[in-house]
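In case you want the letters, here they are:
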There are 2 protein chains.
Amino acid sequence: VSREFELIERHFTREPRGAVLGVGDDAALLRPSADRDLVVTTDTLVEGVHFSADADPEALGHKALAVNLSDLAAMGAQPRWVLLALTLPRADDDWLSRFSRGFMTLADSFEVDLVGGDTTRGPLSICVTALGEVDRGAALRRDGARAGEDVWVSGVIGNAALALLHLKGDVRLKDPDLGKCLARLHTPKPRVALGRCLVGIASSAIDVSDGLVADLGHIAGRSNVRAVVEYSRVPCAPSVVSIKGHDPIRRAILGGGDDYELCFTAPRDRARELEKLSGELGVGLTCIGRTEEGHGVAVSNEDGTPMPIEAAGFDHFR
Amino acid sequence: VSREFELIERHFTREPRGAVLGVGDDAALLRPSADRDLVVTTDTLVEGVHFSADADPEALGHKALAVNLSDLAAMGAQPRWVLLALTLPRADDDWLSRFSRGFMTLADSFEVDLVGGDTTRGPLSICVTALGEVDRGAALRRDGARAGEDVWVSGVIGNAALALLHLKGDVRLKDPDLGKCLARLHTPKPRVALGRCLVGIASSAIDVSDGLVADLGHIAGRSNVRAVVEYSRVPCAPSVVSIKGHDPIRRAILGGGDDYELCFTAPRDRARELEKLSGELGVGLTCIGRTEEGHGVAVSNEDGTPMPIEAAGFDHFR
């Protein structure tokens with residue numbers, strides 16, 4: 001822990017709730033629950049790759065934590081602790097104060113403790129490590145799907161990519177969709193409560209960060225099943241429904257990523273439970289397809305004909 | 001976890017020994033020991049700040065992990081798991097293969113599992129998060145020193161800074177010291193075994209990363225004691241003994257940092273035990289001073305007069 005860490009202490013220190021020892025020693029001391037598994041993930045956001053130089057620091061602080069909490073949500077875990085390694089070109093108090101507001105507000109809303117980290121001088125990048133807990137053996141993994149199950153997504157898919165298309169001038173979104181799409185891009189909401197409720201219901205789960213087809217492909221690959229998505233059932237922003245079949249919109253919905261919704265599989269007899277859960281949490285849950293014997297992901301048109309997703313170049317969309 | 005993570009899978013994958021689920025899902029699944037505390041630390045190395053563009057990738061892989069294991073050692077913890085977030089300007093197979101060799105060889109030597117991480121395109125930086133375990137309540141903290149104790153260091157202090165001085169042409173080291181100093185700078189050995197043995201003996205500990213005076217200052221500050229170091233007792237490389245009093249050498253020894261030795265306090269009646277431990281581990285342990293009522297760090301000359309360390313500008317040495 002270097003001297004610059006005082007910056008972190010100044011802007012980020014809270015009284016830790018669930019840590020024996022937080023910021024300020026060589027390492028943090030945590031006391032995990034004895035009967036639960038520990039879930040750990042790390043993700044880095046780099047200026048010029050994941051965000052632009054003029055990005056709003058508060059939104060950036062939110063997003064850097066949100067993408068990591070989303071990974072925990074996709075495992076069905078309860079977030080507990082987080083570490084922040086910040087690389088900054090200079091110690092800018094105003095920037096740090098706004099960044100920390102976004103970061104800590106989200107952390108507080110999930111009762112997550114910032115327990116450590118460091119700051120380093122260099123090109124702006126943000127590396128977050130998040131730790132959570134899940135009942136022993138109960139984590140939602142990518143390898144649990146079986147043939148003959150339903151494929152579900154939460155919320156609305158493609159909004160983050162649609163916001164990018166709007167900002168580039170390729171489509172013109174209208175409010176309230178525009179606001180929702182921009183919010184999804186800049187301040188995504190990790191589906192933590194949903195993920196925890198899916199434990200015991202879903203057979204596999206992933207968060208939609210690389211794009212629906214790519215992420216569902218990870219489930220298919222790890223589970224050794226084929227996933228078939230009916231494109232018309234994929235929930236999207238109302239203002240693009242009429243142009244949902246147009247190529248750039250289709251690419252945004254199927255390949256855009258950055259939505260941080262959950263995509264998961266569940267046995268068919270859990271459908272009623274999931275509909276009930278949707279109402280209780282106030283989160284849309286939509287069955288968009290099924291799993292079968294085979295491998296890979298296929299997308300079908302409304303008439304059942306296959307949609308040529310490989311040729312559409314989703315792999316290089318990002 | 002992004003698609004580029006395949007790079008990590010290709011170069012870093014091992015069968016996990018102590019993890020339920022390692023690389024390849026949204027997060028890693030770990031099962032910490034029920035009766036132990038979890039110790040977590042994160043540290044970033046940035047090109048141009050912590051290493052130069054032409055740094056040897058294998059040494060860099062070693063060092064990126066070593067500095068984190070050193071933080072665990074300073075807590076008395078047994079290293080268990082590690083996550084690696086790599087930001088790379090491009091996917092360079094040769095670089096990655098050498099980097100991973102350095103990283104994984106050190107990880108294997110401590111039976112540490114790489115359980116997750118990500119790769120991102122951007123200016124080269126390496127963010128490592130290390131997790132370890134220590135018996136409940138037994139961690140070596142910075143705040144445990146009491147007045148009237150001894151101050152100890154392991155090994156030899158200042159070697160990394162002396163190597164830098166040599167590379168800059170400011171001093172001329174001779175082998176075997178030169179080799180030892182360069183090795184300390186490029187491939188430091190975290191004092192993991194020593195740290196674990198100090199549990200129950202030392203009252204506080206820190207690793208010497210910022211410089212002896214600065215790091216001992218953290219113990220003094222957190223423990224509300226004053227630490228007094230007798231400069232002549234600080235162990236240093238044989239070839240600089242005759243010029244140990246010269247200003248740049250003194251600055252290297254007292255302010256240089258990057259040694260990753262342990263500095264710790266212990267009650268006086270533990271001295272014999274520590275000498276025995278030194279022999280058993282083959283690691284030099286030297287009592288360099290004492291703690292007393294007061295605050296801060298003082299360094300004294302051989303004749304007992306105070307050495308003016310503030311004016312020497314140690315704070316900006318790095």
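Bear in mind that the values here come from a model prediction, so they are computed numbers and not experimental data.

Enquirer: Mind showing me how you'd approach the overall build of chain A here?
Expert: Tallying secondary structure elements over chain A gives nine helices and 13 strands in all. Scaling as 2.2 N^0.38, a compact globule of 318 residues should have a C-alpha radius of gyration of about 20 Å, and chain A matches this with 20 Å. Taking all 318 residues of chain A together, 59% fall into the buried category. The long-range share in chain A, meaning contacts at least 24 apart out of those at least 6 apart in sequence, stands at 85%. For chain A, the exposed surface amounts to about 12400 Å²; the carbon and sulfur share of it is 48%. The centroid of the 36 positive side-chain charges in chain A is displaced by 2 Å from the centroid of its 47 negative side-chain charges.

Enquirer: I keep staring at the pairing of strand 11 (residues 285-292) of chain B and nothing clicks. Help me out?
Expert: Successive residues of a regular strand alternate their side chains across the two faces of the sheet. Residues and elements named next belong to chain B. Where strand 7 (residues 150-154) and strand 11 come together, five bridges link them in antiparallel fashion. Across the sheet, Val-153 pairs through a bridge with Thr-286, a residue of strand 11. Pairing of strand 9 (residues 226-230) with strand 11, which is carried by four bridges, proceeds in the antiparallel orientation. Note on strand 11: the bridge partner recorded for Arg-226 is Glu-292.

Enquirer: Where do I start with the sheet that holds strand 11 (residues 285-292) of chain A in this structure?
Expert: Think of a sheet as strands paired side by side through backbone hydrogen bonds, with each pair either parallel or antiparallel. Residues and elements named next belong to chain A. The strand order 8-10-7-11-9-12-13 describes an open sheet built from seven strands, whose pairing is mixed. Each edge of the sheet is formed by a strand with only one pairing partner; in this case those strands are strand 8 (204-207) and strand 13 (306-307). Strand contacts of helix 2 (residues 57-74): strand 8 and strand 10 (262-266), with the helix running at about 170° to strand 8, the strand carrying the most contacts. Along the sheet, helix 9 (residues 271-281) contacts strand 7 (150-154), strand 10 and strand 11; its crossing angle with strand 7, the most-contacted strand, is approximately 5°.

Enquirer: Sorry if this is basic, but what is going on with the interface of chain A and chain B here?
Expert: Facing 59 residues of chain A, the contacting portion of chain B comprises 59 residues. For the pair chain A and chain B, the summed buried area comes to about 5000 Å², and 50% of that belongs to carbon and sulfur atoms. On the surface where chain A and chain B come into contact, there are six salt bridges. Here Asp26(A) ties to Arg142(B) by a salt bridge, and the two come within 3.2 Å at their closest N and O atoms. Run the count over chain A and chain B and you get 15 residue pairs in polar contact (both at pLDDT 80 or more). Partitioned by chemical class, the residues of the side of chain A that touches chain B number 28 nonpolar, 13 polar and 18 charged. Pairing geometry for strand 2 (residues 28-30) of chain A and strand 3 (residues 36-46) of chain B, over three bridges, is antiparallel.

Enquirer: Explanation requested: the sheet that holds strand 8 (residues 204-207) of chain B in the structure shown.
Expert: Residues and elements named next belong to chain B. Here we have seven strands laid out as an open sheet, ordered 8-10-7-11-9-12-13, and mixed in their pairing. Of all the strands in the sheet, the pair left with one neighbour each is strand 8 and strand 13 (306-307). Along the sheet, helix 9 (residues 271-281) contacts strand 7, strand 10 (262-266) and strand 11; its crossing angle with strand 7, the most-contacted strand, is approximately 5°.

Cut-offs and rules
Residues numbered from 1 in each chain as written. Chains lettered and ligands numbered in written order. Predicted model: local features only at pLDDT ≥ 70, side-chain atom pairs only at ≥ 80, totals over all residues. Heavy atoms only, no water. Helix = DSSP H or I, 4+ residues; strand = E, 2+ residues; numbered from the N terminus. Rg over C-alpha atoms; globule rule 2.2 N^0.38 Å. Buried < 20%, exposed > 50% of the residue type's maximum accessible area, 1.4 Å probe, protein only. Contact = heavy atoms within 4.5 Å. Areas by Shrake-Rupley, 256 points an atom, 1.4 Å probe, with all protein chains shown as cover. Lys, Arg positive; Asp, Glu negative; His and termini not counted. Charge placed at Lys NZ, Arg CZ, Asp CG, Glu CD. Pairing = 2+ DSSP bridges. Axes fitted to C-alpha atoms, helices over the stretch in contact; angles between N-to-C directions. Buried area = accessible area lost by both parts, 1.4 Å probe. Salt bridge = Lys/Arg side-chain N within 4 Å of Asp/Glu carboxyl O. Polar contact = N/O pair within 3.5 Å; in protein donor to acceptor, adjacent residues only side chain to side chain. Nonpolar A, V, L, I, M, F, W, Y, C, P; charged D, E, K, R; others polar.

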